[in-house]
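As a plain string of letters, each chain reads:
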Amino acid sequence: MPVVAVKLWDLARLVGTELSMDVLEDLFVKLKLEVSKIELDEVMYEAPHDRLDLYSAEGLARAIAYQVGLRAPRKFKFFKGGLYVDASSAPSYRPYVFMTIVRGVKLDDEAISQLFQLQEKLHLTHCGNRELVSIGLYDLDTVSFPVYYREVPDVAFVPLGSSEIMSVKEILEKTEKGREYGNLVKEGHYPLLVDSQGKVLSLPPIINSEETKVTERTKNVLIDVTGTEPYLMVSILAVMTTSVYERGASEIEIVRVVGRNNFTEEVVERTLSGKYITVSLGRITNLIGLEVPAGGVPEFLRGHGYVVEQVESGVGLFKVWVPPYRVDVIDEDDLVEDIAISLDYNKISGKIEPPTHRGLLHQIEVISRNLRDILVGLGFTEVVNFILTDPDYLTRLGFSSFIEVKNPKMRIYSALRPALLPEILKSVSKNVKKYGLQSLKIFEVGDIIDPKTAGTRRNVAGAIYGPGTTLTDGLAATRTLLELLGLKPVFKPAENDVLFIRERSSTIEVSGVALGLVGEVHPKHLKQMELSFPLTLFEISVDVIAKQVQELKR
Amino acid sequence: MSEQRKVKLPARQYSIAKIVLELKVAKVSEVARLAGRREQDIMRDIAELERMGLIKLSRRTFYKIELSELGKKYLADGLPEEIVLRELAKDMREPIAVLRNIGLSNNEFEAALGILRRFGAVRVHEGYVELMPSNISKVLEYIQEIKEELRRYSSPNIVSELPSSLKEVRRRGLVEVKEYKELVVEATDFLASNFEVLTPGEVVTVITPEIISLENWDSVEFKPFDLSVEPPKLPVARKHFFTEVINYMRELMVSLGFEEVKGPHVELELWNFDALFVPQYHPSRRPSDVYIIGSTAPLEPHVADLLNAIGKYHREFRGYKWDQERTLRLVLRTHCTAVSIRTLWERGPGEYRVFTIDRVFRPDTPDPTHLMEFHQLDGIIVGPRVSFKDLLEFFREFSRGLGLGEVRFKPAYFPFTEPSVEGYVRHPRLGWIEVLPGGMFRKQVLEPLGLKGYNVAAWGIGIDRVAMILMEISDIRDLYTDDVREIERTPVPRVVLNAGRSG
């Protein structure tokens, strides 16, 4: 979600009127903008991911003008002349280029600042930080057409913001943009936009030239997009072009693309023409859940910048023209959302559809709840721990099999616990040390991740700590727990020496199915965890308990 | 003779009262010695007797006065002014220089000279000290008084008040005064006048089998219970307050007619992202925003067709190069909406509502408002007539069920819903906070799953935040505590207690 800064006076002149803070705040809510700061003459807001047109003052002003009814939406007029860009020698790894021209703009410092903010925000959010799409703006009157988009082994020009001629290598080393985006170009195969006089427009996606830059004197703006994703590029170009147009322009020209047999200026023409979507009153009512009067719909739509071309009021159909900068609109439901916004979400209410069946808990949760009740009755206090845990701790305890994430933020939260006992052991140690406890009984019901299948399993684990604690205590607790659920546990010697003293550990079976372990913790672990009394632990599969309990029904 | 009703005092207290009455006033240490017990052991009984008005306990200050080293020396060898006088008496007059060398320190000589001059017993003139016989008697008196005082304290003296005569010797550092406090008990008039009525005997504090087996209980005296003492706190085994809150939310959802479903924590990108129409270039799919397991799941046959359908929608509607293999990559799910989508795929068209409350993961470092592992409550309402209004009404109902009050809505954006909404509730301190995100699943999500013509209301609530509001906890990490004292002490969450209908 990019943060955009606009000056209130610039906004006012673009809209055509001053706006009070109250009106602005209400409009911001409708446009999904989250105001982060209002200071003197500037407002900063967070724009949503889908409204690229609102990443600068131009698009915001346009949207506001439609909302308050100061402007009626209109299709964009554009033409194709003789000007072209030759892409026949374009670099193979960034082969696409599209260009438009916007004539008759009036720019000042703030206007230029806004257009560059739009370019920057688009680069960061939707252009994959220039990797997928790179945008360039130039003063048309400094450029001699035709323009060439070609791959060059090297070139020297004065990059934007500098005063000396630099080679590509120097640009990549010495300039900020060169260092940041140098990895997007291949050495010796640099993309270059250059005019027929050999004047460099830019080295996309890295940096423009100083010679052809946009200034306050610029009256006609040339816009280009180059990159790897043609459909994305054209959407971006549409947003950029229509925003530049807001600065007082009189015409838009589409530059021909020559030297390619696909992805030529036709794509730009199609996109700038906008698209048509038909929305039905039936769908509006069905999706929103309110009876929306047909008469109100065209006005709502116009308030969002749509042109309502045809209204078949008998059938309740609206043919709507969607402007090219609304890249988020892909079907009629997008129009329905805008209508709902016009209605004000807080006013949408009514009786909720009743359920067609009764509510039901998942069986695992029912079993878990009963396990917790019994364990509390046996004097165990419940704790919770994370599934993400420390792989080094697991290894130290003797757990060798567990899944790790490839991109952890912290190593102590990079492994997926294969059992509950490691964290239970830690919880015992923490509490005993913190409170100087002589005895403690805790339990946890939680999920573990199976190291082999990566599946989720639910287990219950418990700890009995204190002088004189032996395996008997663990057996007594687990036996009571399982018998109260109607199961008959059988204890058999376990060969488990992970955590436990092998001779003093047991498996738990019910109807021949192994479902858990109980054991006395080996002194080496007690010493490591700074515990001075014996500790008995158990861990049982709740999934298997649930299955066994279900078998009982039959 | 009428039978007088005797008042029973526990034997220990009776003997103390008797001793204090005899001594009238005594130090507690003295009373303890006579009672044959330790001072700290009789304090409870003394407090009892005081409460009954039989004795008065007070702290008195005592002073121990004894000679300092200097004082002892002067008592033995004589005061410095005495020594100077003795020397002067020989010739009535001596040079100062000579007098400085008679075995006194400089300070002592100056002090002695000062005293003699004060009384007018000497005159200092042109380097000579002259004796003035007419004024000698006064200083001799002074010296006598000092020496008497010193003699008095040649062995340590304990007094309750400092005598005024002590002032001068104290000023000259000849005595040491140590102050200390002692507990003192006094018999009250009440004790004195009522002692005959007292008798040693026990009062019952605990019922024993012997007492139960008595014929009658007329002679049994029950000790009145002292309710001013705070009763002990009992240790108690408890359920964790966070699981209680989560389980309450489960019950709330069940009461609204939802079935609980569950899904895996380790999830395919298909269910976590692609089936939700989240493009593969979306920021939420970057390694900074999702934990990657690094392996892939096998392609199951019935999923292959689904993948084709999903891919078609991504390519057509989002216009980018969609990679089918990526969908089988395993990640830790970033939201429980993956479970909702799985359920839609499994159940297909129909009229039903399901929910899940479970853990999700996002790469983050723990701090008061963020965790890398937290809970979400995701749910869907499916049906041909389900609408956005139903979603908003559900949020209002859910908020009511948690006692969160009014909900206000703002338009929002999610890649998989249209319309989308963010619901806000009012926190007493923080104001309006967003806690209820949701929307209607897009056609591009529903159609590949075979739900054409159906509407699905969907949401994914971050319930840790909600729990923090309900329990007035300001650090999210406290929800996942394993501190047994915290868990035992935390009262039953109010949201759980207020679950019922009142009145």
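Refer to the structure above for everything that follows.
Residues numbered from 1 in each chain as written. Chains lettered and ligands numbered in written order. Predicted model: local features only at pLDDT ≥ 70, side-chain atom pairs only at ≥ 80, totals over all residues. Heavy atoms only, no water.

(A) View of the overall build of chain B. Of the regular secondary structure elements, chain B holds 20 helices and 19 strands. Computed over its C-alpha atoms, the radius of gyration of chain B comes to 47 Å, more than 25% above the 23 Å expected for a compact globule of 503 residues. Reported as C-alpha extents along the three principal axes, the dimensions of chain B are approximately 135 × 90 × 40 Å. Within the span of chain B, comprising 503 residues, buried residues form 50% of the whole. Summarising the internal contacts of chain B: among those between residues at least 6 apart in sequence, 71% fall at separations of at least 24. With an accessible surface of roughly 25,300 Å², chain B has 51% of that area assigned to carbon and sulfur atoms. Each charge class in chain B can be summarised by its mean position, and for the 72 positive and 75 negative side chains these summaries are 3 Å apart. (Helix = DSSP H or I, 4+ residues; strand = E, 2+ residues; numbered from the N terminus. Rg over C-alpha atoms; globule rule 2.2 N^0.38 Å. Buried < 20%, exposed > 50% of the residue type's maximum accessible area, 1.4 Å probe, protein only. Contact = heavy atoms within 4.5 Å. Areas by Shrake-Rupley, 256 points an atom, 1.4 Å probe, with all protein chains shown as cover. Lys, Arg positive; Asp, Glu negative; His and termini not counted. Charge placed at Lys NZ, Arg CZ, Asp CG, Glu CD.)

(B) Quick look at the packing of aromatic side chains. Following the criterion strictly, the structure yields 26 aromatic pairs over all chains and no others. Consider the rings of Phe-414 of chain B and Phe-416 of chain B, whose centres lie 6.3 Å apart with planes at 15 degrees: the pair is stacked. Grouping residues by exposure puts Phe-414 of chain B and Phe-416 of chain B together as buried. Counting every residue linked through ring pairs, the aromatic cluster contains Phe-258, Phe-394, Phe-395, Phe-398, Phe-409 and Trp-459 of chain B. We note Arg-71 of chain A situated over the ring of Tyr-66 of chain A; from NZ or CZ to the ring centre the distance is 5.8 Å. One Lys or Arg, Lys-441 of chain A, reaches over the ring of Phe-380 of chain A and ends 5.3 Å from the middle of that ring. (Phe/Tyr/Trp six-rings, centres within 6.5 Å; stacked < 30°, edge-to-face > 60°. Lys NZ or Arg CZ within 6 Å of the ring centre and 35° of its normal.)

(C) Local environment of the packing of helix H4 (residues 109–125) of chain A against helix H7 (residues 230–245) of chain A. Residues and elements named next belong to chain A. Close contact between H4 and H7 brings their axes to 11 Å; oriented N to C, the two are set at 165 degrees. On the basis of their axis angle, the class for H4 and H7 is roughly antiparallel. Like other packed secondary-structure pairs, H4 and H7 cross with a definite hand, here right-handed. Side by side, H4 and H7 meet where Leu-115, Leu-118, Gln-119 and Leu-122 of the first sit next to Ile-236, Val-239, Met-240, Ser-243 and Val-244 of the second. For the contact of H4 with H7, the per-class residue count stands at 7 nonpolar, 2 polar and no charged. (Axes fitted to C-alpha atoms, helices over the stretch in contact; angles between N-to-C directions. Parallel < 35°, antiparallel > 145°, perpendicular 65-115°, else oblique. Left-handed = near helix turned anticlockwise from the far one by under 90°. Nonpolar A, V, L, I, M, F, W, Y, C, P; charged D, E, K, R; others polar.)

(D) Broad picture of the sheet that holds strand S24 (residues 489–493) of chain A. All names here are of chain A. Strand order in the open sheet formed by 7 strands is S18-S22-S23-S27-S26-S25-S24, with mixed pairing between adjacent strands. Of all strands in the sheet, those bounded by a partner on one side alone are strand S18 (381–382) and S24. Where strand S22 (residues 440–449) meets strand S23 (residues 456–465), 10 bridges bridge the pair, whose relative direction is antiparallel. In the strand pairing of S23, Leu-440 is matched with Tyr-465. Taken strand by strand, helix H14 (residues 421–435) contacts S22, S23, strand S25 (500–510) and strand S27 (535–541), and its axis lies near 150 degrees from that of S22. (Pairing = 2+ DSSP bridges.)

(E) Quick look at the nonpolar core. Of all hydrophobic cores here, the largest spans 129 residues; its most connected members are Ile-284 of chain A together with Leu-344, Leu-402, Phe-441 and Trp-459 of chain B. By residue number, the principal contributor to this core is helix H12 (residues 241–255) of chain B, which donates 8 residues. Apart from residues no more than four positions distant in its own chain, Leu-402 of chain B is found in contact with Tyr-248, Met-249, Leu-252, Val-466, Leu-470 and Val-495 of chain B. (Core = buried A, V, L, I, M, F, W, Y, C linked by side-chain atoms within 4.5 Å.)

(F) Structural context of the sheet that holds strand S13 (residues 329–332) of chain B. Residue and element names in this part refer to chain B. Taken in spatial order, the 3 strands of this open sheet run S11-S13-S12, and their pairing is antiparallel. For this open sheet the edge positions go to strand S11 (266–268) and strand S12 (292–296), each flanked by a neighbour on one side alone. Strand-to-strand twist across the sheet, computed as the mean angle between neighbouring axes with direction ignored, equals 35 degrees. One ladder, built from 3 bridges, connects S11 with S13; its direction is antiparallel.

(G) Quick peek at a nonpolar patch on the surface. Residues and elements named next belong to chain A. On the surface, Met-21, Val-35 and Ile-38 cluster together to form a nonpolar patch covering roughly 200 Å² of accessible area. Tracing the sequence through the fold places Ile-38 in strand S2 (residues 34–39). When its relative accessible area of 39% is taken as the criterion, Ile-38 is described as partly exposed. (Patch = residues over 30% accessible without salt bridge, like charges linked within 9 Å, V, L, I, M, F, W, Y side chains within 5 Å. Salt bridge = Lys/Arg side-chain N within 4 Å of Asp/Glu carboxyl O.)

(H) How the structure looks around the interface of chain A and chain B. Taken together, the contact between chain A and chain B spans 81 residues of the former and 89 residues of the latter. In total, chain A and chain B occlude about 7,400 Å² of area from one another, counting both sides; carbon and sulfur atoms represent 56% of this. Considering only the side of chain A, the residues that lose the most area to chain B are Tyr-345, Glu-353 and Val-384 of chain A, jointly responsible for 9% of the buried surface there. Between Asp-334 of chain A and Arg-442 of chain B there is a salt bridge, with the nearest N and O atoms lying 2.6 Å from each other. (Buried area = accessible area lost by both parts, 1.4 Å probe.)

(I) Representation of helix H17 (residues 542–553) of chain A. All names here are of chain A. Across its 12 residues, H17 extends 17 Å between first and last C-alpha, which sits within 8% of the 16 Å expected from 1.5 Å per residue. Looking only at H17, the buried set comprises Val-542, Ile-545, Ala-546, Gln-548 and Val-549. The buried side chains of H17 occupy one side of the element, clustering within an arc of 165 degrees when seen end-on. On its buried face, H17 is in contact with helix H12 (363–377), S23, helix H15 (471–483), S25, strand S26 (513–521) and S27. Taking the backbone nitrogen of Asp-543 as reference, a side-chain oxygen 3.3 Å away marks Ser-541 as the first, capping residue of H17. (Expected span 1.5 Å × (residues − 1). Arc of directions from axis to C-beta. Polar contact = N/O pair within 3.5 Å; in protein donor to acceptor, adjacent residues only side chain to side chain.)

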